[in-house]
There are 2 protein chains.
Amino acid sequence: MLNQSRIVIENIAPQINQGTVCIKRVVDEIVNVTADVLTDGHDVLQTSLLYKHKSEKSWSEVRMSPTNNDEYIASFQTTKQGFYTYKIEGWVDYALNWQHGIGRKIDDYQHVNSELLEGAELLENIVDKVSKDEKDYLNFLIQIFRNTESYGEAVKEATSRKLHIIFKKHPEKLLTQTSNEYQVYVDRKKARFSTWYEFFPRSASEQEGKHGTFNDCHRLLPRVAQMGFDTLYFPPIHPIGEVNRKGKNNTTNALEGDVGSTWGIGSKHGGHKDIHPELGSLEDFKNLVNKAKELGIEVAMDYALQAAPDHPWVKEHPDWFKWRPDGTVQYAENPPKKYQDILPIYWESKDFKNLWKECLETLFYWIDCGINVFRVDNPHTKPYYFWGWIIEQVKKKHPDVLFLAEAFTRPKVMHQLAKQGYTQSYTYFTWRDSKHEIIQYMNELTKTEQREYMRPNFWPNTPDINPYHLQGAPESKYLQRYALAATLSSNIGIYGPVFEQMIDTPIPGKEEYYMSEKFQLCHYDWFKENKVTFLISRINQIRKENESYQQTNNIQFLETGNDNLIAFYKWNQEKTNETLTVISLDAYNSQSGSIQIPIHQLGIHNGQKIEVEDLVTKNCFNWYNEWNYVELHATLPFHIFKINK
Amino acid sequence: MLNQSRIVIENIAPQINQGTVCIKRVVDEIVNVTADVLTDGHDVLQTSLLYKHKSEKSWSEVRMSPTNNDEYIASFQTTKQGFYTYKIEGWVDYALNWQHGIGRKIDDYQHVNSELLEGAELLENIVDKVSKDEKDYLNFLIQIFRNTESYGEAVKEATSRKLHIIFKKHPEKLLTQTSNEYQVYVDRKKARFSTWYEFFPRSASEQEGKHGTFNDCHRLLPRVAQMGFDTLYFPPIHPIGEVNRKGKNNTTNALEGDVGSTWGIGSKHGGHKDIHPELGSLEDFKNLVNKAKELGIEVAMDYALQAAPDHPWVKEHPDWFKWRPDGTVQYAENPPKKYQDILPIYWESKDFKNLWKECLETLFYWIDCGINVFRVDNPHTKPYYFWGWIIEQVKKKHPDVLFLAEAFTRPKVMHQLAKQGYTQSYTYFTWRDSKHEIIQYMNELTKTEQREYMRPNFWPNTPDINPYHLQGAPESKYLQRYALAATLSSNIGIYGPVFEQMIDTPIPGKEEYYMSEKFQLCHYDWFKENKVTFLISRINQIRKENESYQQTNNIQFLETGNDNLIAFYKWNQEKTNETLTVISLDAYNSQSGSIQIPIHQLGIHNGQKIEVEDLVTKNCFNWYNEWNYVELHATLPFHIFKINK
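This one's a predicted model, so the numbers in the text were calculated from it and none came from an experiment. (Residues numbered from 1 in each chain as written. Chains lettered and ligands numbered in written order. Predicted model: local features only at pLDDT ≥ 70, side-chain atom pairs only at ≥ 80, totals over all residues. Heavy atoms only, no water.)

**Student:** I tried to follow the environment of B:K87 on my own but got confused; where do I start?
**Tutor:** All names here are of chain B. Mapping K87 onto the fold places it in strand β8 (residues 82-92). Residue classification places K87 among the buried positions, given a relative accessible area of 13%. Considering only alpha carbons, one finds K87 and L232, 145 residues apart in sequence, at a separation of 39 Å. Among residues more than four places away in sequence, those in contact with K87 are S48, L49, L50, W59, T178, S179, N180 and E181. (Helix = DSSP H or I, 4+ residues; strand = E, 2+ residues; numbered from the N terminus. Buried < 20%, exposed > 50% of the residue type's maximum accessible area, 1.4 Å probe, protein only. Contact = heavy atoms within 4.5 Å.)

**Student:** Help me understand the nonpolar core, please; the structure alone is not making it clear to me.
**Tutor:** Core analysis: the biggest nonpolar cluster contains 178 residues, and A:L138, A:F145, A:F285, A:F374, A:W387, A:I390 and A:L488 have the highest contact counts within it. In terms of residues, this core owes the most to one element, helix α10 (residues 352-368) of chain A, which gives 9 residues. Ranked by size, the runner-up nonpolar core spans 177 residues in total, among them B:I166, B:F199, B:W320 and B:F364. (Core = buried A, V, L, I, M, F, W, Y, C linked by side-chain atoms within 4.5 Å.)

**Student:** In this structure, what is going on with the pattern of salt bridges? I would like to understand it.
**Tutor:** A side chain of one charge can pair with a side chain of the opposite charge when the charged atoms of the two come close. Residues and elements named next belong to chain A. Applying the stated criterion across every chain, the model contains 79 salt bridges over all chains. Of the charged contacts, one joins R223 and E500 as a salt bridge, the two residues approaching to 2.4 Å between their closest N and O atoms. Of this pair, R223 sits in helix α7 (residues 221-226) while E500 sits in helix α16 (residues 496-500), and the two are 277 residues apart along the sequence. Each member of the pair, R223 as well as E500, is classed as buried. Between R375 and D302 there is a salt bridge, with its nearest N and O atoms 2.9 Å apart. Here D302 lies in strand β13 (residues 298-303) and R375 lies in strand β18 (residues 373-377), a separation of 73 residues in the sequence. Under the relative-accessibility criterion, R375 is labelled buried at 3%. Classification of D302 by relative accessible area gives buried; the value is 2%. (Salt bridge = Lys/Arg side-chain N within 4 Å of Asp/Glu carboxyl O.)

**Student:** Would you take a moment to explain the environment of A:P598 for this structure?
**Tutor:** All names here are of chain A. Topologically, P598 is positioned in the loop between β26 (591-596) and α18 (599-602). Under the relative-accessibility criterion, P598 is labelled buried at 6%. A sequence separation of 278 residues divides P598 from W320, and the C-alpha atoms of the two residues are 57 Å apart.

**Student:** Help me out: how do you make sense of the relation of the copies chain A and chain B in this one?
**Tutor:** Applying a rotation about an axis and a shift along it to one chain copy brings it onto the other copy. Overlay of chain A on chain B (RMSD 0.1 Å): rotation 180°, translation along the axis 0.0 Å. On this basis, the relationship between the two copies can be described by a two-fold rotation axis. Looking at the rotation axis and the C-alpha trace of chain A, the residue lying nearest is A:Q18, at 3.1 Å. Both copies share a contact surface, since 100% of the interface residues of chain A are interface residues in chain B too. (Least-squares fit on C-alpha atoms with pLDDT ≥ 70 in both.)

**Student:** It is not clear to me how the packing of aromatic side chains should be interpreted in this structure. Could you clarify?
**Tutor:** The geometry of an aromatic ring pair is captured by the separation of the ring centres together with the interplanar angle, meaning the angle of the planes. All chains considered together, the criterion is met by 86 aromatic pairs over all chains. A ring pair is formed by A:F76 and A:Y86, whose centres lie 6.0 Å apart and whose planes are at 50°; its orientation type is tilted. Linking A:F76 in strand β7 (residues 71-78) with A:Y86 in strand β8 (residues 82-92), this pair joins segments that are 10 residues apart in sequence. Here the aromatic rings of B:Y197 and B:F199 are separated by 6.3 Å at their centres, their planes lie at 70°, and the arrangement is edge-to-face. Accessibility classification places B:Y197 together with B:F199 in one group, the buried group. An aromatic cluster is present here, built from A:Y303, A:W347, A:F352, A:W356, A:F374, A:F386, A:W387, A:W389, A:F403 and A:Y422 joined pairwise through their rings. Lying over the aromatic face of A:F364, A:K397 brings its terminal NZ or CZ to 4.5 Å of the ring centre. The ring of A:W571 has A:K575 sitting right over it, with the charged end atom 5.6 Å from the ring centre. (Phe/Tyr/Trp six-rings, centres within 6.5 Å; stacked < 30°, edge-to-face > 60°. Lys NZ or Arg CZ within 6 Å of the ring centre and 35° of its normal.)

**Student:** What is the right way to look at the interface of chain A and chain B in this model?
**Tutor:** Often the size quoted for an interface is simply the accessible area lost on bringing the parts together. Between chain A and chain B, the contact holds 62 residues from the first and 62 residues from the second. With both chains or domains summed, chain A and chain B bury close to 5400 Å², and 51% of this area falls on carbon and sulfur atoms. In this structure, the connection of chain A to chain B is made through 12 salt bridges. Across the salt bridge formed by B:K338 and A:D108, the nearest N and O atoms sit 3.5 Å from each other. (Buried area = accessible area lost by both parts, 1.4 Å probe.)

**Student:** Help me out: how do you make sense of the side chain of B:S261 in this one?
**Tutor:** All names here are of chain B. Its location among the elements puts S261 in the loop between β12 (231-234) and α8 (282-294). A relative accessible area of 7% places S261 in the buried class. Polar contacts involving the side chain of S261 include one to the main-chain amide nitrogen of W263, which spans 3.0 Å. When sequence neighbours within four positions are dropped, the list of residues in contact with S261 reads I240, D341, K518 and F519. (Polar contact = N/O pair within 3.5 Å; in protein donor to acceptor, adjacent residues only side chain to side chain.)

**Student:** Help me understand the sheet that holds strand β6 (residues 65-66) of chain B in this model?
**Tutor:** Two modes of strand pairing occur in sheets, parallel and antiparallel, and in both the strands are linked by backbone hydrogen bonds. Residues and elements named next belong to chain B. Spatially, β1-β3-β7-β6 is the arrangement adopted by the 4 strands of the open sheet, whose pairing is antiparallel. Two strands bound the open sheet, and with one partner strand each, they are β1 (7-13) and β6. Relative to strand β7 (residues 71-78), strand β3 (residues 29-39) runs antiparallel, the two being bridged by 8 bridges. By the bridge assignment for β7, I30 is matched with Q77. (Pairing = 2+ DSSP bridges.)

**Student:** Quick question: what am I supposed to make of the pairing of strand β4 (residues 45-53) of chain B here?
**Tutor:** Sheet faces and side chains relate simply in a regular strand, where the side chains alternate between the two faces. All names here are of chain B. Here β4 lies mainly inside the structure; 9 of its 9 residues are buried. Covered by surrounding structure in β4 are L45, T47, L49, Y51 and H53 together with Q46, S48, L50 and K52, the residues of both alternating faces. Strand direction decides the pairing type here: β4 and β8, joined by 9 bridges, are antiparallel. Counted as the bridge partner of Q46 is W91 from β8. Strand direction decides the pairing type here: β4 and strand β5 (residues 60-63), joined by 4 bridges, are antiparallel. Looking across to β5, one finds that L50 is bridged to E61. Counted along the chain from β4 to the antiparallel partner β5, the turn is 6 residues long.

**Student:** What am I meant to see in the sheet that holds strand β24 (residues 565-571) of chain A here?
**Tutor:** All names here are of chain A. Here 6 strands make up an open sheet; going across it, the order is β23-β24-β25-β30-β27-β28 and the pairing antiparallel. Of all strands in the sheet, those bounded by a partner on one side alone are β23 (555-558) and β28 (620-623). Neighbour-to-neighbour, the strand axes of the sheet open up by a mean angle of 25°, direction not taken into account. With 4 bridges connecting them, strand β27 (residues 610-614) and β28 associate as antiparallel partners. Bridge pairing links V612 to F621 in β28. Set on the sheet, helix α15 (residues 475-488) makes contact with β23, β24, β25 (578-584) and β30 (638-644); between it and β25 the angle comes to about 155°. (Axes fitted to C-alpha atoms, helices over the stretch in contact; angles between N-to-C directions.)

**Student:** So what exactly am I meant to see when it comes to the side chain of B:H415 here?
**Tutor:** Residues and elements named next belong to chain B. Relative to the helices and strands, H415 resides in helix α12 (residues 411-419). With relative accessibility at 12%, the residue H415 sits in the buried group. Among residues more than four places away in sequence, those in contact with H415 are E444, Q450, Y453 and M454.

Structure representation (structure tokens):
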């Protein structure tokens, strides 16, 4: 096919996997789009960014500006949740080209009679499309351009700013080239800023040894809210399998009274749409969800697609499991972990359409019960395209729903899940401990194309991971890890009671908790207050009050001259909130250094005063220099400074 | 649509503009393809590279190997000219997965009776597809896998290498995922290795002041061939316009006897399919082309799509020009240059289909006269998609035809022309003079994706460019510039007589030649021999004998410890020819330094002897160390070493 257009558009960014993957934004965020746009020769080209929300029929248009080296840029703001589409178009703008050309000839003292006649023709093409005022002006120009007696005036008006603005406002787009279309998925703000607290409802009882219930959880909600958490994540609350149930410490033979792993889902009491009877009723659960909502907390549900051997699916849908010639199903594995109490789903099943449908209906069922946040268990052991499909189905109907991918695996696998639509992703933060590791990882997350599709959620610990650096660590280390997570990443979470109370006994040599709550009830002094709980609450409060901590991508690390001091500058989209965080990575000794403040980004000159206000201690300091002395002690191993200019 | 496949394929390389642009190779070159291939969970995946020439019906397949971080690699060789297509497919390989799994369980001392039964089922699926020998083995396995009495033997055979090879050879591809298809255009070898000589036939007369003819050119051919040039490029040979003809030194009023610019094409004597009468007849031209061919030289024709005001097109196809209201056509410009003797084509013409067709037919006409190489004048002032179309039309019918893009303009414009199909491109080499500039530019050309689609052609000078660094330069500078061009780039060219004879008088302050041959006849002492001609011939001979100089991408710069000494290592695809080039950038003084030889790439250890043989002087040196002293004098400012191990 012959394409007569003279415009080439390429290298459009952002663009993930050739535009087959949506980039991610939240409401009111900016999308900056760049592209290389070329035409042959030297004519003036114009290029526009076009965008629209899926619900809109017509495109909004914003003219792009040249940066350099044939690149153009423009932006739009995502004001609504859901899918946006954007594309780029370009054209040779003959009117602007004419004005540019005649201007150069006039500057070169050339005679432009012929050019004025051309101009008159151009104006006649647009005179009927413009406003009354503009029309009068154009008719006047047509007249003087054609009258050699008004040559002097014509030459003056030909290059007028007024005419330029009319040309810009009423472009004649001829032989326009249009790019492919690219998509953005826009979430509600919580997708980007959330603070998670995890506990097992079955450990919520006041009475040690007694199985906790949803009703027991009620008394814990106000404290979780007061500490500043907005998302309460419960491990699975479904009936727990009785066949091959796990005993304490992951033993394969449960003893009488052993409660089993909450992830061994399904029993005679039901499956993924049912509630474990010992936790209470569906009504109790809904009441808890509603009560939490009143306190500003959303309950996040665990979505774990697997089945205990006595899950109803096993009998009702034997095709959803892979039966071996000996009549058994091989239990699940996530090497080196073995899940003898769990049968994996057989995703290659010929009956996969019904399987996918049931999985989707399970989500819809809980969404109808008031759940809008799902933490998905081991998503990397289920097919990628299944996630792409199911997340899209949910988002189309319920754009508020958020999905957190619990995949601790190889980088490209984690990226792929994010590309398939996961709202947030667990990360390697849990193991990144040194300054070098943290900066490298943050730059990977925020300075590469990952920033466009992968939203990190930083967890210092989880029920599965008792990291080596917390085992036997002093209080200061816990403060440091929480401060790091909460200031580096806008999405964070903790496996709450264990972290707060600094419980860290491991299975020897492993990064796992001894007497793990995954396999037994635990009992906590839920209302214990300590320095950790105090500072968690304070940091969470600071995050709520400072937008620079409500996003992860706008970060710049600062020189400190000390490998044990990490410092970074963050800012919100409008740059109305700027913070400077300094954290000591030494849990035992004092550390000092000189912080180089980013004077260019702050828009100040060296010698100009800034006030830094420690949002924890409320101490204020006036800094006049680019380099500023800071000293941190293990007793309070961080400064969280707000910058006041 | 539901996609049940468990495989994701992404990040395929090479891939230009999402696969819409062909990568380039010559016959017998290798294409290395990499991709990220993922599956969920821990099953064994397999992935293949499939490729075929356009003329072939079925795909060739090569299994890819993992590198790291979920990336796989495989290669194929392009053995024929024309278009190749490649794609990638991936699948979970249940047979290999079974063998891997049972092996791990056996190593873990687990009982694998059930797994053996599964294995027997797997084997039954493939037993009918294998060779007689393999079949006997598989039937034997099925038998022992199902017999508990042969458990010991079954366990041994289950993990056998023999079975592994059968599984690899007869994959059962289920739920396979296939990538998009990508294209390669394969040229004849000359696309990658060519040595151009440019002169104006009208200056070929023995008699000063007399207009040269094709017949005059005959006597020059043997010398051009003996000097080692394989491509003889003539500026346009078509009738030169008489209206607005240019005079000497680009004056706008030709005097009686002025011959005009050869690029002012078209007069009463005809247009793009005609010969300027003073050069001779079409028959003369064909004779010259044939004679050149006998000497191993191809004549390259200039393809300049523009018209003198008296070109026949102007009357026959007025729609192909843009007429202004005053009845004139604005002459061509390539700011700051003005071409008052040339009318540009109006590419927006409604009659563009006939225009494109005529342009194509012009190419076919000259191809039928024996021309297979076109140097295209100012292609960046004609639409990109026109080039994409016309080059594809030509290549489909005449895959031998090569196009050199004469675009000295902004980088992305030059890249775009290469992407549209140009075989070779003029480059910024003409202006890259310092070591830093040269290395940076070479790395851009050979280490970025440009290596896949843009083939540089290095010209130290052209009739349009008399670079400042050659103006008034000593002989050594000419030697240096030729040596740089000819060893850095496998495609090179010179504006011959002027370069050889070091004619460099500029228009004052400009990078243009005074009394430029573009606007007048010149007279040369064609058979003059000097050091420049001697060394050009010697270097051309070395290029013919050493494959490492017949390609541009395999280059590695070496440390020299001296900003005036540039050194690099080059190698051919099979690494059977390795060279080390050292060039002094100082045209006046001696320069010395220590060259760090690339011991890893050479596959030697420090202390191991290599012999470096200077291919110009025939001096040989034995080097035993990683660092080796080199000293160059302005009299012979380069070493071209062949490495003998």
